[in-house]
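Residue-level structure breakdown
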Amino acid sequence: MTKISRSLVLGCSMLALAACGPDDIASPGTGGDVIINPPATPAPTPPSTPTPTGVVAATGCPTIADPQGLTDAGTITGPTGSWRVCTLPKVIRASSTLPRLDGVLYQMAGRVDVGCDGGFTAPTAGAPFTTSTVGCPSSSLTADTNVTLTIDPGVTVFAGTGQSWLAVNRGNKINAVGTKAMPVVFTSRDNVLGLNSDSSQGQWGGIVLMGRAKTTDCGFGTVASGTCERQTEGAPDPARYGGNDDTYNAGRMSYVQIRYSGFVLGANSELQALTTESVGSGTVLDHIQSHNSSDDGAEFFGGQFGLKHFVVTGADDDSLDVDTGARVDIQHALLIQRPGLGDGLMEIDSNGQETDTPRTRLRVANFTAVQNQVSSNNEGNARASLFFRGNADVELINGVVVSPNNECIRMNGSGGANAATLEATSVLLTCSAEKFLGTGTYTNAQVGGFFTGGVNNKDSFTSTLTGLFINGAGETSSLAVDPKTISSFFDTTTYVGGAASTGDKWWEGWTCNSSYATFGTSNTGACTTLPVYTTTAA
């Protein structure tokens, strides 16, 4: 932003914002003096560095493009100051932008839908679709509502109630794109109030992206007929996903934190920080942190896409869960459990319909997964740090798994062609004495054979990680492979693990810190505090 635009933003935050919306800020000028012989263009002013500061609540809410507008819900006060609370509509009906303004927070007061569900395929005038999204102004759609919710860098969106969650419906998109200096933060009301600790979790739902890529384990239709759909787990009102478009674009999320999610929406059904449901390869996901979800750090149902630069801290179930025909490539990942809590670091499977296609497939490269202590949750469920079963094909590349008090890998065999498979290349395991666990039709020895049959693998490695997750001498000297030879989505790397001891510290700046996982320099501070910035030029 230029000095002028920064001043306008700051001015909007200090005046009555209802009359000074994002369109006003971005409007072009009306002309000016004509200079026949302009002077040389001066060097651009370097962007200012956001600096934490106190906060005074803005005097109103900004204008957005949706005619429903934002509802001024008064102010809220926490340790970082006071904020104007601007509540989103229940259904966002027109593409809108949430600008970052001093003293403004955005609130979800319950479920917030981005657009209306357009169905298995995009509706047309000749084939209209009756949407099931509650609150849509018209139930009969002759085209996708095509709503995009854009969230600017540095914006914080909080959940006003436990039942709050963001539902991006089929035929609509999210564009939550922060920066390394100013990530987008989704969090809870208690976080704003300063009530959270490092054990807080489950205070709101999470973010759900619904698309039209293929899925399995149908709730509606069948795989054989190509009509398979599913319902979002725990959602009391319809929130369907599924289709036949594996290139489906649900939008983009980059440099995003999702804190304290996982509220129980229905019996035994919680959301997690990030839930993708049948999103396709047109969707862009990178630089995402999930912190203290009471369920999984992220769960991917169906679809086909890639994810880079992924941090999960403190998930109370699995750090990463992939199932129902999802085909996912992940690179540059740090999966870190809270000491003595959580289930597995990964759980990859189907939901029981093991003859369905496509099979669930995970390829993950350059990852570090840390579970230093055993938990009762893990002992009663996954029983190992990595758990693979039912109709799932898993490939691990350039990985480091630190699980010194637990088995590293469990596989449950179902027999025949539907059994889970594992390939590993350049993976280092620090495990308990047993290391491998086979259940169902698999034995411990078979699981161990799948792992040791790979190239450059070590199943009796002694971790030398420093700072919890950064490669030490042992990891640095271990042989790596080029992941790009396995998937074109992957970057070429020359090291194992998710955090090389030298080079780009990709996790710094945009992540938040906790007592059990510190990522160095943080522009947002501790996860228990609310990020505060000023963009006034120095």
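Just so it is clear, the model here is predicted, and its values are computed rather than measured.

**So, unusual backbone geometry**
Omega for the bond connecting Thr357 with Pro358 falls within 30 degrees of zero, at 5 degrees, which places this linkage in the cis form. With respect to the helices, strands and loops of the structure, Pro358 is situated in the loop between strand E26 (346-348) and strand E27 (360-370). Within the chain, Asn366 stands out as a residue other than glycine whose phi angle is a positive 55 degrees. By the element assignment, Asn366 lies in strand E27.

**Quick look at the nonpolar core**
Core analysis: the largest hydrophobic core is formed by 80 residues, its most contacted members being Met253, Phe300, Met346, Leu396 and Ile409. Listed in part, the 13 residues of the second largest apolar core include Tyr255, Phe469, Trp507 and Ala517.

**Considerations on the state of the cysteines**
Tallying each qualifying case throughout the model produces five disulfides. The residue that forms a disulfide with Cys61 is Cys86, at a sulfur-sulfur distance of 2.2 Å. Classification of the bridge connecting Cys61 and Cys86 rests on its S-S torsion, roughly -100 degrees, and on that basis the disulfide is left-handed. Of the two residues, Cys61 is situated in the loop between helix H2 (22-26) and strand E1 (71-78) and Cys86 in strand E2 (residues 81-87); the sequence distance between them amounts to 25 residues. Looking at Cys86, the relative accessible area reads 0%, which means it is buried.

**As for the sheet that holds strand E22 (residues 298-301)**
Reading across from one edge, E3-E6-E11-E14-E20-E22-E24-E26-E28-E30-E32 is the order of the eleven strands in this open sheet, with parallel pairing throughout. Edge strands, defined here as strands with exactly one partner in the open sheet, are strand E3 (91-92) and strand E32 (436-440). With four bridges connecting them, strand E28 (residues 386-389) and strand E30 (residues 409-413) associate as parallel partners. The residue bridging Arg389 from the neighbouring strand is Asn412, located in E30.

**A look at the side chain of Thr150**
In this structure, Thr150 sits in strand E9 (residues 148-151). Not counting the four nearest positions on each side in its chain, Thr150 is found in contact with Ser96, Thr97, Leu98 and Asn175.

**With respect to the pattern of salt bridges**
Where charged atoms of side chains with opposite charge meet at close range, the side chains can pair. This structure, assessed with the given rule, holds 16 salt bridges. For Asp144, the salt bridge identified is with Arg212, shortest N-O distance 2.8 Å. With Asp144 in the loop between strand E8 (140-141) and E9 and Arg212 in the loop between strand E14 (207-210) and strand E15 (230-231), this residue pair connects regions lying 68 residues apart in the sequence. On the accessibility criterion, Arg212 (7% relative accessible area) is buried. Here the salt bridges share partners, and the residues they tie into one network are Asp117, Arg170, Glu229 and Arg240.

**Thoughts on the pairing of E2**
Both faces of the sheet carry side chains from a regular strand, because those side chains alternate between them. Counting buried positions over the seven residues of E2 gives six, a clear majority of the element. Here E1 runs beside E2; their pairing, made up of six bridges, is antiparallel. Counted as the bridge partner of Ile76 is Trp83 from E2. In this antiparallel pair of consecutive strands, E1 and E2, the connection spans two residues. Strand direction decides the pairing type here: E2 and strand E5 (residues 104-108), joined by four bridges, are parallel. For Arg84, the partnering residue across the bridge sits in E5 and is Val104.

Thresholds, definitions, all that
Residues numbered from 1 in each chain as written. Predicted model: local features only at pLDDT ≥ 70, side-chain atom pairs only at ≥ 80, totals over all residues. Heavy atoms only, no water. Helix = DSSP H or I, 4+ residues; strand = E, 2+ residues; numbered from the N terminus. Core = buried A, V, L, I, M, F, W, Y, C linked by side-chain atoms within 4.5 Å. Buried < 20%, exposed > 50% of the residue type's maximum accessible area, 1.4 Å probe, protein only. Disulfide = S-S within 2.5 Å. Pairing = 2+ DSSP bridges. Contact = heavy atoms within 4.5 Å. Salt bridge = Lys/Arg side-chain N within 4 Å of Asp/Glu carboxyl O.

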